[in-house]
Amino acid sequence: MAETGSQDSSSTGNPNLRWTLLAFCAVILSAALGVALPRADAEKGLDYLALAAQYQAAGHAADARRSLDRAVSLGVDSGSQWAEAGRLYQRLSAPDRAIQAFSRAVRLAPDNADFRLGLARSYAAAGQEQEALAAYQELVRRAPPGSESALLEMGFRFVALKEYATGEKHYLHALTVYTQSIPLRSVLSDLYVAWERPDDGIRWLEEAVQLEAPPATGIFMKLGQVYLAQGKPEQALDAFEEAVARQPTDAEAYFWQGEAQSALGHRAEAVTAYYWATVFRPAFISYRRKLGAAYLSVGQCEKAQEVFWDVLNIGPNDALGLEGLRRCARP
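Regarding the overall build of the protein
Within the protein one finds 18 helices and 0 strands. Counting across all 331 residues of the protein, residues that qualify as buried make up 38%. Summing over all exposed atoms, the protein offers an accessible surface of approximately 18600 Å²; the carbon and sulfur share of this is 54%.

Quick look at the pattern of salt bridges
If you walk through the whole model with that rule in mind, you get 20 salt bridges. Two residues, R203 and D200, come together in a salt bridge whose shortest N-O distance is 3.7 Å. Taken as a pair, R203 and D200 lie in helix α11 (residues 198-211) at a separation of 3 residues, close to a single helical turn. Given the relative accessible area of 41%, R203 is considered partly exposed. R326 serves as the salt-bridge partner of E323, at 3.6 Å between the closest nitrogen and oxygen. Of this pair, E323 and R326 both sit in helix α18 (residues 319-329), separated by 3 residues, roughly a single helical turn.

Comments concerning the packing of aromatic side chains
Enumeration over the complete set of coordinates arrives at 11 aromatic pairs. For the ring pair W276 and F280, a centre distance of 5.9 Å and an interplane angle of 25 degrees mean the geometry is stacked. In this pair, W276 and F280 are both assigned in helix α15 (residues 267-280), 4 residues apart and thus about one turn of the helix distant. Classification of F280 as partly exposed rests on a relative accessible area of 33%. Taking the centre distance of 4.6 Å and the plane angle of 65 degrees together, the rings of F284 and Y287 count as edge-to-face. The class of Y287 is buried, set by a relative accessible area of 4%.

Comments concerning the packing of α15 against helix α16 (residues 285-297)
At their nearest, the axes of α15 and α16 sit 9 Å apart, and the two run at 155 degrees to each other. Comparing the axis directions of α15 and α16 gives the class roughly antiparallel. Viewed along their axes, α15 and α16 form a crossing whose handedness is left-handed. Contact residues: α15 offers R267, V271, Y274, Y275, A277 and T278, while α16 offers Y287, R288, K290, L291, A294, Y295 and S297.

Here we look at a nonpolar patch on the surface
There is a patch of nonpolar side chains on the surface, built from Y275, W276, V279 and F280 and spanning about 340 Å² of accessible area. Examined against the element boundaries, V279 turns out to sit in helix α15.

Structural notes on the environment of M221
Along the chain, M221 falls in helix α12 (residues 218-229). Residue M221 is classed as buried on the basis of its relative accessible area of 5%. Setting aside residues no more than four positions away along its own chain, M221 makes contact with F240, A243, E252, A253 and W256.

Quick look at the side chain of E129
Inspection of the secondary structure puts E129 in helix α7 (residues 129-142). Overall, the relative accessible area of 19% leaves E129 in the buried class. E129 has contacts with A124, R157, A160 and L161, leaving out every residue within four places of it along the chain.

A look at the environment of H173
With respect to the helices and strands, H173 occurs in helix α9 (residues 164-177). H173 sits 28 residues away from P145 along the chain, and the two C-alpha atoms are 9.8 Å apart.

A short note on the nonpolar core
Grouped together as the largest cluster of nonpolar side chains are 46 residues, with contacts concentrated most on L49 and L68. Residues in contact with L49, not counting those within four places in the same chain, are L68, A71, V76, Q81, E84, A85 and L88. Of all hydrophobic cores here, the second largest spans 37 residues; its members include I219, F220, A253 and L296.

Looking at the side chain of E153
Counting through the fold element by element, E153 comes out in helix α8 (residues 148-160). We classify E153 as buried; its relative accessible area is 13%.

Let's talk about the confidence of the model for the protein
Averaged over every residue, the pLDDT of the protein is 87; the share at 70 or more is 87%. Low pLDDT (under 50) marks residues 1-12, which in the prediction has 0 contacts with non-local residues, meaning those over four places away or in another chain.

As for helix α10 (residues 182-194)
With 13 residues, α10 should cover 18 Å at 1.5 Å per step; its first-to-last C-alpha distance of 19 Å lies within 8% of that length. All buried positions along α10 are accounted for by I182, L184, R185, S186, V187, L188, S189, L191 and Y192. Tucked inside the fold, the buried residues of α10 contact α8, α9, α11 and α12. Capping of α10 at its N-terminal end is provided by S181; its side-chain oxygen lies 3.1 Å from the backbone amide nitrogen of L184.

So, how was this worked out
- Residues numbered from 1 in each chain as written.
- Predicted model: local features only at pLDDT ≥ 70, side-chain atom pairs only at ≥ 80, totals over all residues.
- Heavy atoms only, no water.
- Helix = DSSP H or I, 4+ residues; strand = E, 2+ residues; numbered from the N terminus.
- Buried < 20%, exposed > 50% of the residue type's maximum accessible area, 1.4 Å probe, protein only.
- Areas by Shrake-Rupley, 256 points an atom, 1.4 Å probe, with all protein chains shown as cover.
- Salt bridge = Lys/Arg side-chain N within 4 Å of Asp/Glu carboxyl O.
- Phe/Tyr/Trp six-rings, centres within 6.5 Å; stacked < 30°, edge-to-face > 60°.
- Axes fitted to C-alpha atoms, helices over the stretch in contact; angles between N-to-C directions.
- Parallel < 35°, antiparallel > 145°, perpendicular 65-115°, else oblique.
- Left-handed = near helix turned anticlockwise from the far one by under 90°.
- Contact = heavy atoms within 4.5 Å.
- Patch = residues over 30% accessible without salt bridge, like charges linked within 9 Å, V, L, I, M, F, W, Y side chains within 5 Å.
- Core = buried A, V, L, I, M, F, W, Y, C linked by side-chain atoms within 4.5 Å.
- pLDDT = per-residue confidence, 0-100.
- Expected span 1.5 Å × (residues − 1).
- Polar contact = N/O pair within 3.5 Å; in protein donor to acceptor, adjacent residues only side chain to side chain.

What follows is the structure in structure tokens.
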């Protein structure tokens, strides 16, 4: 009986031993022949880059940033993919990471103007003005004369660094390429105003309005504001009235027309201008405050009260609205 039990145990164990030996041989054989056993697919940076774009488009900033960081850590293949990572970082308000991504893109495709422009803008967004200026200069050097927008942005950097004389030279040179450019004349005016040379700024804006085609109002608005800042309300009023004529539904143009009328002491005309500003932008509280104050200036307290109550409906506890009602309540 004992002998029979021994035989049964041996016959039961042999199949398990055989399967173990076969599995071991399969592993050794696959390694020897270079055959890979099944495994999970490797992570790809491009997959996470696409995922980051989807999250960003859906407004999920935290998930977009997490996916984007994973994409960058894994790496992507081309300059265009690194540039896409840079653009996503820009949209996520991460300029330092955008700089890194665009730098990789530029290294892979040094002659790509869009990649260099993205790098320059990222430096500017990070407050690295010298680096931004150098990037713009390299962009313009590699693709002369450069796009008008690139030349404009390069000039902004000179102004930010208060290198006004160099900026002036840059803009004047840019105008030899884009001779009819209104934006270049506009930013040149900004440079002169920042340089405390407002008369030169006005001169360039006056030249710009001669080139302006209707119905745009921006240059006239800017010219009027510079005139007003320089104590020239009559010229400012002319500019604002031209802006209103070109764009009769522009609330801001009416508001500034009211400011010029107030500066000239034309109180009734100021009331009318501020009124139209509130018509075209009824929820803008500062316009209503101005209208209420204008009504007070001409002694129309009942109308002023209505306006100040509107102010308080828009902004409860608004200090200027409350003060306006107090003034109307005085005997």
